[in-house]
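# What the coordinates show
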Amino acid sequence: MTVTQITHHDLDGYGASTIVGRFVPVSRIVHVPRYSDVGPVVEGELKRLGRTRQPETLILTDLGLEPVAVTFIRNFAAMNRGRAEAERHRLIVLDHHASSIDRLREQTLEPVPEADDPGVMRFDLDDPAIVVLIDEGRCATKLAYRRRTLYAPDAIEGDADLLALVEAVDAVDLWRKDRPTFAGGHALDEVFWDNVSNLVPIGHAWHDRFVSDLLVALAGRLRAGASPAELEAGVGAIRTGIVDGYLAGDETDDPRLTTRMRIARVLARSDLFQPLSDGTYLSFGLDSGTFQRVSDLIMDAGKAKRVLNVQRTGNMSFRSNDETALEGARRFRGGGHKDAAGGKLPTGSAFSLADAVAQVEPILNPPPPDPSSSPFAALKGWKG
């Protein structure tokens, strides 16, 4: 069965996706950095699942169930009721925010303590294919591990490094400074934020694999007794080892280059960039350093003469090799150099590559005027 996971864009969210991915093949992972983006993401997912006849499993972790998310859960249940039993989708919601209980109650969903674990609250949607659990005493990573049989019925115990990851994330996410695992978890959090987007960006096939491999390797170092300082000092070697494995046998790789340079070559060959109607290549949410390197490689290869990156905050970076970057930026209240300029989306933000394309295309490449809309259209061909 196809499995999709929607999770938060933080250490706990990635910890939860690492756990789920260890026990079941996940086809797609959506990381949501802002709770304000949850609505568009789940609404799009509901539409997609409504059109999909084969049953799928959707797993939500660490999102914080604000009203729009609770409404989605209710709408998911209503959609399932209208489907044939053999075509019904599964929904598993694992969360640990106290406010989620309040939001569920506001929509008349009352919690029932789990018989075998009274600290866990279950919410009944009158559909055995839907499980909603809130556990304030465990982070999403630990909850995903403890409840792994919900999405992987035959799951066995995880290995020692995976368990070390669970305990480190749980300590720092719940801010349990009295635990011996807190300091290591704190260091893990720092390394996570330093590496989550600057090497392998969201949208590339290696992204979740890279972050998960890095987290588990770091947890293994903690389990072996590494101090936070030793963990930090060893990150470079761990990253190099991971990338060496990914690029083994790649004849275009040059191990003499930095990790970022090596990965940039891979990214330039990927589908991270979507061509617009005028040939401009657009990417979404790339780290500035990564965009600089990858855009240069794309233009050198002759794929595009102008490249554009849109950030979630709406900031836009244009690069070109034909002096058109500034021309593009001016359409978005921007400025800069002829081949390197910046602007800002009129709406102020974007939540996905598709959203960025939908906002940029009509402004960068406006459609030609419709002659029939002219007030003089009626006079065309008229003879007095």
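Residues numbered from 1 in each chain as written. Predicted model: local features only at pLDDT ≥ 70, side-chain atom pairs only at ≥ 80, totals over all residues. Heavy atoms only, no water.

This brings us to the overall build of the protein chain. Secondary structure assignment for the protein chain yields 14 helices and 13 strands. Each of the 384 residues in the protein chain was classed as buried or not, and the buried ones make up 50%. Here the protein chain displays about 18100 Å² of accessible surface, and carbon together with sulfur accounts for 52% of that area. Here the protein chain contributes 45 positive and 54 negative side-chain charges, whose respective centroids are spaced 5 Å apart. (Helix = DSSP H or I, 4+ residues; strand = E, 2+ residues; numbered from the N terminus. Buried < 20%, exposed > 50% of the residue type's maximum accessible area, 1.4 Å probe, protein only. Areas by Shrake-Rupley, 256 points an atom, 1.4 Å probe, with all protein chains shown as cover. Lys, Arg positive; Asp, Glu negative; His and termini not counted. Charge placed at Lys NZ, Arg CZ, Asp CG, Glu CD.)

A full pass over the atoms with the stated rule returns 23 salt bridges. With a shortest N-O distance of 3.2 Å, Glu114 and Arg147 are connected by a salt bridge. In this pair, Glu114 is assigned in strand S5 (residues 111-114) and Arg147 in the loop between helix H5 (140-146) and helix H6 (160-173), connecting sequence segments 33 residues apart. On the accessibility criterion, Arg147 (14% relative accessible area) is buried. Glu157 is paired through a salt bridge with Arg148; the nearest N and O atoms lie 3.2 Å apart. Members of the salt-bridge network, linked through shared partners, are Arg28, Glu45, Arg48 and Glu56. (Salt bridge = Lys/Arg side-chain N within 4 Å of Asp/Glu carboxyl O.)

In the contact formed by helix H2 (residues 38-51) and helix H3 (residues 67-81), the axes pass within 9 Å of each other and the chain directions differ by 10 degrees. Put simply, H2 runs roughly parallel to H3. Residues Val38, Gly39, Val42, Glu43, Leu46, Leu49 and Gly50 of H2 pack against Val68, Ala69, Phe72, Asn75, Phe76 and Met79 of H3. Across the contact of H2 with H3, the residue classes break down as nine nonpolar, three polar and one charged. (Axes fitted to C-alpha atoms, helices over the stretch in contact; angles between N-to-C directions. Parallel < 35°, antiparallel > 145°, perpendicular 65-115°, else oblique. Contact = heavy atoms within 4.5 Å. Nonpolar A, V, L, I, M, F, W, Y, C, P; charged D, E, K, R; others polar.)

Helix H11 (residues 259-268) sits mainly inside the fold: seven of its ten residues count as buried. Residues of H11 that are buried include every one of Thr259, Arg262, Ile263, Ala264, Val266, Leu267 and Ala268, and no others.

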